[in-house]
Amino acid sequence: MSNYQPPSASGSPRFCNMGNFMRLPHAQSAEGLDFGIIGIPFDTAASFRAGARFGPNGVRNISAMIKPNNVAMGVNIMDTLKGADLGDVPVIPDYIHETYAAIEETLTGVLDAGAVPISIGGDHAITLGELRAIAKKHEKVSLVHFDSHLDLCDTVFGQKYNHGTPFRRAMEEGLIDPSKSIQIGMRGSLYDPDDFKIAADLGFKVIPGDTLHTMTPADLANAIKERVGDNKVFLTFDIDFIDPAYAPGTGTPEVGGFTSYEALQYIRGIKDLNFVGFDVVEVAPPYDHSEITAYMGANLIFEFLSILAYQKANKNK
């Protein structure tokens, strides 16, 4: 059994020693770890409501509720994995390029140590910095993108770097392979009715929200697997993929989304992909004092960890 165990709530109340994800140990380095949790509290690339800078802290605090056994996946994550909370990237509010450099440097250290980075945002602009580090280590990867927005704008407010532009930049920089990437759950009103066609013209496969509502989790899993194949995969999950009835604490909510249960089923269905990194972004606790949204974000990270545990356990058999 790993020595990197969260304390049991039967011996130490959950409201004690909070501050790290699942009350895991804090570590300065990812050496010897299977995964590292990294906070990226940057939200000044948001186009409407800011507040996701408080996402990492909000997700960590409520993650004290999570226990290490994932019964649905058949794993105890800490029996199989060794991991820690690595703290936050030293972001600089309003200075996106300096923040990108800090994100890339931090994740490069995690990747070079052989650990899988799992980041908590922050607005969706941060994912570009993560992908720069990922591609430096793994070359061009497939993107599996759960969101209600494509985030493929060329510019927002005349600017190239915004939470609506990261995947256009990632494509241009050669960090992701659009032909082996997939975007899932997009919905809502649009300025340009051809947005989905634009995404397709750029090479991405899009499963709009209305289409996804007609599919089973198995249907989606098959579509994702067919698209990415054996490629290395980075999974990015914008919390606004989930309907605001289930996740109201986000900057740009869109109605007509998906339940928390559906989201968990979608993630569990792709447990066999070749993942090299994950993030959850756009959790904005100021708009949800009940912590429902932050708890959803924490549970998504728990599912990511469960996938890593499942893969490691089955690899060792």
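For the structure itself, look to the data block above.
Calculation criteria
Residues numbered from 1 in each chain as written. Predicted model: local features only at pLDDT ≥ 70, side-chain atom pairs only at ≥ 80, totals over all residues. Heavy atoms only, no water. Core = buried A, V, L, I, M, F, W, Y, C linked by side-chain atoms within 4.5 Å. Buried < 20%, exposed > 50% of the residue type's maximum accessible area, 1.4 Å probe, protein only. Helix = DSSP H or I, 4+ residues; strand = E, 2+ residues; numbered from the N terminus. Contact = heavy atoms within 4.5 Å. Pairing = 2+ DSSP bridges. Right-handed = clockwise from strand over helix to strand, strands pointing away. Expected span 1.5 Å × (residues − 1). Arc of directions from axis to C-beta. Salt bridge = Lys/Arg side-chain N within 4 Å of Asp/Glu carboxyl O. Phe/Tyr/Trp six-rings, centres within 6.5 Å; stacked < 30°, edge-to-face > 60°. Lys NZ or Arg CZ within 6 Å of the ring centre and 35° of its normal. 1 Å grid on protein atoms, 1.4 Å probe; cavity = no way out; pocket = protein on both sides within 12 Å on 5 of 7 lines; lining within 4 Å. Points joined across faces, edges and corners; volume = space filled by probe spheres on them. Nonpolar A, V, L, I, M, F, W, Y, C, P; charged D, E, K, R; others polar. Axes fitted to C-alpha atoms, helices over the stretch in contact; angles between N-to-C directions. Polar contact = N/O pair within 3.5 Å; in protein donor to acceptor, adjacent residues only side chain to side chain.

Enquirer: Any details on the nonpolar core? Residues and values, ideally.
Expert: With 58 residues, the main nonpolar core has Val144, Phe146 and Phe237 as its most contacted residues. Broken down by element, the residue count for this core peaks at 12 residues, all from helix α10 (residues 292-315). Not counting residues within four places of it along the chain, the set of residues in contact with Phe146 comprises Ile184, Leu220, Ile224, Leu235, Thr236, Phe237, Asp238, Phe241, Tyr266, Ile267 and Ile270.

Enquirer: Got a sec to walk through the pairing of strand β9 (residues 232-238)? Specific residues and values, please.
Expert: A large share of β9 lies buried, amounting to 6 of its 7 residues. Across 5 bridges, the pairing between strand β6 (residues 142-146) and β9 is parallel. Within β9, the residue paired with Ser142 across the bridge is Val233. Taken together, the 7 bridges between β9 and strand β10 (residues 274-281) define a ladder with parallel strand orientation. Bridge pairing in β10 links Phe234 to Gly277. Note on the crossover from β9 through helix α9 (residues 260-268) to β10: the handedness is right-handed.

Enquirer: Outline helix α8 (residues 217-228), supporting the account with residue identities and numerical values.
Expert: Its 12 residues place the ends of α8 17 Å apart at the C-alpha level, agreeing with the 16 Å of an ideal helix rising 1.5 Å per residue. Looking only at α8, the buried set comprises Leu220, Ala221, Ala223, Ile224 and Val228. For α8, the buried positions fall inside an angular range of 165° around the axis, keeping them on one side. Elements in contact with the buried residues of α8: β6, β7 (182-184), β8 (205-207), α7 (209-212), β9 and α9.

Enquirer: Give me the lowdown on the pattern of salt bridges, citing residues and values where you can.
Expert: One pass over the full model with this rule turns up 11 salt bridges. Two residues, Glu104 and Lys136, come together in a salt bridge whose shortest N-O distance is 3.3 Å. Placement of Glu104 in helix α3 (residues 96-112) and of Lys136 in helix α4 (residues 126-138) is noted, with a sequence separation of 32 residues between them. With a relative accessible area of 21%, Glu104 lands in the partly exposed category. The salt bridge involving Lys197 is made with Asp201; its shortest N-O contact spans 2.9 Å. Here the residue Lys197 and the residue Asp201 both occupy positions in helix α6 (residues 195-201), the gap between them amounting to 4 residues, near one helical turn.

Enquirer: Break down the packing of aromatic side chains for me, citing the residues and quoting the values.
Expert: By the definition in use, this model includes 9 aromatic pairs. Summarising the aromatic geometry, the rings of Phe258 and Tyr266 are spaced 6.1 Å apart at their centres and angled 75° between planes, so their arrangement reads as edge-to-face. The buried category is assigned to Phe258, whose relative accessible area is 0%. Note on Tyr266: relative accessible area 3%, which makes it buried. Ring centres 4.9 Å apart and planes at 35° place the aromatic pair Phe275 and Phe278 in the tilted group. With relative accessibility at 6%, the residue Phe275 sits in the buried group. Joined through ring pairs, the aromatic side chains of Phe146, Phe237, Phe241, Phe258 and Tyr266 make up one cluster. A cation sits over an aromatic face here: Arg132 above Tyr100, 4.9 Å from the ring centre. Sitting over the face of the ring of Tyr310, Lys271 holds its NZ or CZ atom 5.3 Å from the ring centroid.

Enquirer: Give me the lowdown on the layout of surface pockets, citing residues and values where you can.
Expert: Here the largest pocket defines a volume of roughly 830 Å³. His149, Cys153, Leu190, Tyr191 and Asp195 are the residues nearest the centre of the largest pocket, which is lined by 30 residues in total. If one sorts the elements of the lining of the largest pocket by residue count, α6 sits on top with 3 residues. Per-class residue counts for the lining of the largest pocket are 11 nonpolar, 10 polar and 9 charged. Empty space within the second largest pocket amounts to approximately 230 Å³. If you go around the second largest pocket, the residues you meet are Asp34, Leu81, Gly114, Val116, Phe275, Leu308, Gln311, Lys312 and Lys315. With 4 residues, α10 is the single largest residue contributor to the lining of the second largest pocket.

Enquirer: Give a detailed account of the sheet that holds β6, specifying residues and quantitative values.
Expert: To summarise the sheet geometry, strands pair through backbone hydrogen bonds and adopt either a parallel or an antiparallel arrangement. On the basis of which strands lie adjacent, the open sheet formed by 8 strands has the order β4-β1-β5-β10-β9-β6-β7-β8 and parallel pairing. One side of each edge strand has no neighbouring strand; the edge strands of this open sheet are β4 (83-88) and β8. Strand-to-strand twist across the sheet, computed as the mean angle between neighbouring axes with direction ignored, equals 15°. Relative to the sheet, α3 contacts β1 (35-40), β4, β5 (116-121) and β10, its axis offset from that of β5 by approximately 150°. Running over the sheet, α10 touches β1, β5, β9 and β10 and is turned about 170° from β10.

Enquirer: Explain the side chain of Asp238 to me, using residue names and the numbers behind them.
Expert: Mapped onto the secondary structure, Asp238 falls in strand β9. Here the side chain of Asp238 touches His124 through a polar contact of 3.4 Å, side chain to side chain.

By themselves, these are just geometric observations and shouldn't be taken as functional.
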